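Observations on the three-dimensional arrangement
The lines below spell out each chain.
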Amino acid sequence: MELTVGGRVLRYSAYGDTDGVPVLSQGGSPSTRWKRPDVVRAAEECGVHLVVPDRPGYGGSTRKPGRTVADVVEDVAALADVLGWERFAVTGGSGGGPHALACAALLPDRIARCAVSGGITPPIVDGPEPTGDEEDPRRNRTSWLAARGEEYIRPSIEEATLSIMAAVEAGGPEFPPDPHSPAPPAPPAKDDPEAMARLTATFVTSHDGWVDDNVAFAADWGFRLADVHVPTSIWFGSGDDRARRYADLLVAEIPNAELVPYTGGHIQPENAYRDLLHWLKLS
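Treat the numbers as computed from the prediction; the structure is a model and nothing was measured.

**Notes on the overall build of the protein**
Secondary structure assignment for the protein yields nine helices and eight strands. On C-alpha atoms alone, the protein measures out to a radius of gyration of 18 Å, which is about the 19 Å that the 2.2 N^0.38 rule sets for 283 residues. Counting only residues that meet the buried cut, the protein has 53% of its 283 residues in that class. In the protein, once contacts between residues fewer than 6 apart in sequence are set aside, the share between residues at least 24 apart is 74%. Counting every atom, the protein has about 12400 Å² of accessible surface; 54% of that belongs to carbon and sulfur. Seen as two clouds, the 26 positive and the 41 negative side-chain charges of the protein have centres 1 Å apart.

**Examining the pairing of strand 1 (residues 2–5)**
With burial as the criterion, only one face of strand 1 is covered, namely that bearing Leu3 and Val5; the residues Glu2 and Thr4 on the opposite face remain uncovered. As judged from the four bridges shared by strand 1 and strand 2 (residues 8–16), these two strands associate in the antiparallel manner. Across the sheet, Thr4 pairs through a bridge with Val9, a residue of strand 2. The antiparallel hairpin formed by strand 1 and strand 2 contains two residues in its connecting segment, where Gly6 sits at a positive phi of about 55°.

**Notes on the pattern of salt bridges**
Summed over the entire model, instances satisfying the criterion amount to 26 salt bridges. For Glu270, the salt bridge is made with Arg41, and the minimal N-O distance between the two is 2.7 Å. Highlighted residues: Glu270 in helix 9 (residues 270–280) and Arg41 in helix 1 (residues 37–46), separated in sequence by 229 residues. According to the relative accessible area criterion, Glu270 is partly exposed, its value standing at 22%. Measuring nitrogen to oxygen at the nearest pair gives 2.7 Å for the salt bridge that ties Asp136 to Arg138. We classify Arg138 as partly exposed; its relative accessible area is 25%. Via salt bridges that share partners, Arg63, Glu150, Arg154, Glu158, Asp208 and Asp212 belong to a single interconnected network.

**With respect to the nonpolar core**
Grouped together as the largest cluster of nonpolar side chains are 43 residues, with contacts concentrated most on Phe88, Val90, Leu101, Ile111, Cys114, Phe223 and Ile254. Broken down by element, this core gets its largest block of residues, seven residues, from helix 2 (residues 72–83). Discounting chain neighbours no more than four positions away, the residues touching Cys114 are Val90, Ala100, Leu101, Ala104, Val230, Pro231, Thr232, Ser233, Trp279 and Leu280. By size, the runner-up hydrophobic cluster in this structure holds 21 residues, among which are Val23, Ala42, Trp235 and Leu277.

Rules of the game
Residues numbered from 1 in each chain as written. Predicted model: local features only at pLDDT ≥ 70, side-chain atom pairs only at ≥ 80, totals over all residues. Heavy atoms only, no water. Helix = DSSP H or I, 4+ residues; strand = E, 2+ residues; numbered from the N terminus. Rg over C-alpha atoms; globule rule 2.2 N^0.38 Å. Buried < 20%, exposed > 50% of the residue type's maximum accessible area, 1.4 Å probe, protein only. Contact = heavy atoms within 4.5 Å. Areas by Shrake-Rupley, 256 points an atom, 1.4 Å probe, with all protein chains shown as cover. Lys, Arg positive; Asp, Glu negative; His and termini not counted. Charge placed at Lys NZ, Arg CZ, Asp CG, Glu CD. Pairing = 2+ DSSP bridges. Salt bridge = Lys/Arg side-chain N within 4 Å of Asp/Glu carboxyl O. Core = buried A, V, L, I, M, F, W, Y, C linked by side-chain atoms within 4.5 Å.

Written out as structure tokens, the structure is:
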């Protein structure tokens, strides 16, 4: 499905119960509107109408070079209008977290609740190039490179995509195994056409979206975390130390934000994702 916003094409997918609680989900960096079966199943069984847009540069959505984190609000408001949603919840995982928080800060009359999982805060991008030994997660090499421009961050991203797809071609799963999850090992992704389609959309054809996300994270976000006043929960996995440190920083800045740990790693296991969707339904 698609609509036009400011002359750009915005594509999105919908999952779950069309009569359920409206939830708009911002995917990670990188991520597209095509969701895994466990996410679709959770939306269906939790009674939510889950809509997932491709941010500019991802999937089929037209790129918007130079976009800020706050720019996502224009697309979200336009999509909610098309869907007939006056009020709705938002969620975002990893790099989708800042975009969900932008909606909570800048659309307070329309956002009922906001849930962020494995999210980040504005980085620290001055000083020398980080070495990887920094205690503060805000000091990281990805953000430092992104702050210096697309030409600095794109080679790093393209190298990462080649490594990820090489591991898949060698028989790896769609997502790296999570040592903190009791789930059995996932089968090779190359044997699953739908998994390969999701991987291709994310890591082969969406470099622009990933680049632009990182450049946006390293610049002014266009809002303050202190401006988020809707009920907000910050989720992190027990095995994801970086996300835990970010979570502490987020709850220190966002008024009345709730910290919610779960057992697992950076990617939420299905039971934790279900808990998140149920939390969003409490409004």
